[in-house]
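Residue strings, one per chain:
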Amino acid sequence: MHDYDAVVIGAGLGGLTSAAILAARGMKVAVCENTGWVGGCCSSTEHEGYRFDTGASIVELAWIIDEFFGAVGKKTSDYIDMIPIDPIYGFVTEEGKRFTYPVDKDETRKVLEGFSREDAEAWDRFSRIGSDLLSEGFGPIMTSPFMTFKDAMKLAAAKPRMALYMRYMLMNFESTLCSFFKSDRVRASMSLQSYFVGLPPALCPGYIAFLAYSEHEGIFYPRGGMMEIPRAIAAVLEENGGEIMLNSRVRKVIMDGGRASGVELADGTQIRSRIVVSNVNARVLYLDMVGREYLPPWATKAIESYEVSIPAPMIMLGLDCRPDLDAHHTFCYTTLEEMNAIWFEDYYQRKLPERGFMLISWPGHADPSLAPDGHHCLNLVTFAPYDLADGNW
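Being a predicted model, the structure only gives us computed values, none of them experimental.

Asks: I would appreciate a short explanation of the packing of aromatic side chains in the present structure.
Replies: The geometry of two aromatic rings is summed up by the distance between their centres and the angle between their planes. Counted according to the given criterion, the structure contains 25 aromatic pairs. Ring centres of Phe180 and Phe210 lie 5.9 Å apart, and the angle between their planes is 90°; on these two criteria the pair is classed as edge-to-face. With Phe180 in helix H7 (residues 173-180) and Phe210 in the loop between helix H9 (193-196) and helix H10 (211-214), this pair connects stretches of sequence that are 30 residues apart. Note on accessibility: Phe180 and Phe210 belong to one class, buried. Cluster of aromatic residues (ring-pair linked, three or more members): Tyr89, Phe91, Phe99, Tyr101, Phe115, Phe196 and Phe331.

Here's what the structure looks like:
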């Protein structure tokens, strides 16, 4: 006897989205969330009238959210007020000089001309390839089955133009950027996306470099803070009869005959279901919740080798004045070489770097309602080891 058709572990965006789609298709669904809120790293917290984002800070490729709402018979605009962000970034160099990249590609080209005419011309080619990759590659690949070699061959046959860009799947991020741009300043201003996926330019896959173009297709901020996105998805889930159980930590996945058949919570409650969907990381799911006894030796060894991504410490500031900034996101950045050096010489050695990368997020640039009148929220974000070689947090 099943309590639900599907139980979802974790109320991050992936878990909520999966649950909402299943519920919209008529299934009885429950989501078990360890914390007291939804959204995972796409969430917000409030303190003395200030609302701070606790992870994600903008929306890129908003069409993915539109596709979700379309899949459940809804419209994004009925749930979320997306505010366009422009400029995309402000930059502060080591010398204290500033510049911004507007959303408009031609306006960004003018900024690049101030650094290098050759790089401004390269930007045209970079943009064309980036646009092609997004429309022909990223969308179809991310929304199509890709579980087997046969699936991959079907996608390749359907999108033969992607063969033109296979080289960027084999190159690293750094070499991809350097194949287009020659100015150290231009390269540095487009290098930060590698850190977004938790890798230095030397190790990050080459195709990730085109995120620097994707943002020119439009970036947005949900009015009220990033929490409004998971709240909207949770609303759709509940409108279709789904349930969200907060403060309900899953201790283990119940296995019957080698098949998942429900979950057991930390308090001993068992919930039976036909399907179990996981939104937690693979190490926790398979090694802790499922158990090594249900895994083949090769899978256990492979999962044990997984390394968690580097943490991103954040300082949240409530200001009683308008900050001296020009954009929603401002980067204090350095060169490609320095970004690699910080990674290998500091992060890998579990040291706190004394120089390098920092993101300053000022959501009040788009939405002043996040703080009391005349006040603003500011988030300072960088990367640092979880366990320090010397001392602790």
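Asks: Mind showing me how you'd approach the sheet that holds strand E6 (residues 82-84) here?
Replies: Strand-to-strand pairing in sheets goes through backbone hydrogen bonds, with the strands running parallel or antiparallel. Spatial ordering of the open sheet is given by E5-E9-E6, a layout of three strands whose pairing is antiparallel. Every interior strand has two partners, whereas the edge strands, strand E5 (59-60) and E6, have only one. Pairing geometry for E6 and strand E9 (residues 219-222), over three bridges, is antiparallel. Within E9, the residue paired with Pro84 across the bridge is Phe220.

Asks: Hey, could you run me through a positive patch on the surface in this one?
Replies: On the surface, Arg125, Arg128, Arg167 and Lys182 cluster together into a positively charged patch. Mapped onto the elements, Arg167 comes out in helix H6 (residues 167-170). Classification of Arg167 as partly exposed rests on a relative accessible area of 43%.

Asks: I tried to follow the nonpolar core on my own but got confused; where do I start?
Replies: The nonpolar side chains of a soluble globular protein tend to be buried, and buried together. Grouped together as the largest cluster of nonpolar side chains are 87 residues, with contacts concentrated most on Phe126, Phe181, Met190 and Ile229. Looking at this core element by element, the count peaks at seven residues for helix H4 (residues 117-142). When residues no more than four places from it in sequence are discounted, the contact partners of Phe181 are Asp119, Ala122, Trp123, Phe126, Val186, Arg187 and Met190. Listed in part, the 15 residues of the second largest apolar core include Val7, Ile9, Met255 and Val290.

Asks: I tried to follow a nonpolar patch on the surface on my own but got confused; where do I start?
Replies: Taken together, the side chains of Met166, Met169, Leu170 and Tyr207 present a nonpolar region at the surface, about 440 Å² in accessible area. Mapping Met169 onto the fold places it in helix H6. With relative accessibility at 40%, the residue Met169 sits in the partly exposed group.

Asks: Please clarify how the pairing of strand E11 (residues 250-256) should be interpreted in this entry.
Replies: For a regular strand, side chains alternate in direction, first toward one face of the sheet and then toward the other. Two elements, E11 and strand E12 (residues 259-265), share six bridges in a ladder whose sense is antiparallel. In the sheet register, Val250 faces E12, and the bridge partner there is Leu265. Here E11 folds back onto E12 in antiparallel fashion, the turn holding two residues, of which Gly257 has a positive phi close to 60°.

Asks: Can you walk me through unusual backbone geometry in this structure?
Replies: Glycine aside, a negative phi is what most residues show, and trans is what most peptide bonds show. In the segment running from Asp86 into Pro87, the intervening peptide bond is cis, with an omega of 5°. In this structure, Pro87 sits in the loop between E6 and strand E7 (89-92). At Glu48, a position not held by glycine, the phi torsion is positive, near 50°. Mapped onto the elements, Glu48 comes out in the loop between strand E3 (44-47) and strand E4 (50-53). With phi around 50°, Asn247 is a residue other than glycine that occupies positive phi space. Checked against the element boundaries, Asn247 lands in the loop between strand E10 (243-245) and E11.

Thresholds, definitions, all that
- Residue numbering note: each chain is counted from 1, following its sequence as written.
- Reporting of local features is limited, given that this is a predicted model, to residues whose pLDDT is at least 70; pairs of side-chain atoms are given and counted only at 80 or more, and all residues count toward the totals for whole chains, interfaces and linings.
- In computing side-chain values, all of the structure's heavy atoms are included and hydrogens and water are not.
- Ring pairs are drawn from Phe, Tyr and Trp, using the six-membered ring of Trp, whenever the two centres fall within 6.5 Å, and their geometry is named by plane angle: stacked under 30 degrees, edge-to-face over 60, tilted for the rest.
- The numbering of helices and of strands both runs from the N terminus, where a helix is a DSSP run of H or I of at least 4 residues and a strand a run of E of at least 2.
- Partly exposed residues are those whose accessible area sits between 20% and 50% of the maximum for their type, while under 20% is buried and over 50% is exposed, using a 1.4 Å probe and protein chains only.
- Pairs of strands are assigned from DSSP output, requiring at least two bridges between the strands.
- Nonpolar side chains (Val, Leu, Ile, Met, Phe, Trp, Tyr) within 5 Å and like charges within 9 Å form the patches, drawn only from residues with over 30% relative accessible area and no salt bridge.
- Residue-level accessible areas treat just the shown protein chains as cover; the underlying method is Shrake-Rupley with a 1.4 Å probe.
- Within this document, salt bridges are pairs made up of a side-chain nitrogen of Lys or Arg and a carboxyl oxygen of Asp or Glu, the two lying within 4 Å of each other.
- Under this rule, positive means Lys or Arg and negative means Asp or Glu; His and the chain ends count for nothing.
- Throughout, a charge is located at the NZ atom of Lys, the CZ atom of Arg, the CG atom of Asp or the CD atom of Glu.
- Grouping buried Ala, Val, Leu, Ile, Met, Phe, Trp, Tyr and Cys residues that are joined through side-chain atoms within 4.5 Å yields what is termed a nonpolar core.
- We call two residues in contact when some of their heavy atoms are within 4.5 Å.

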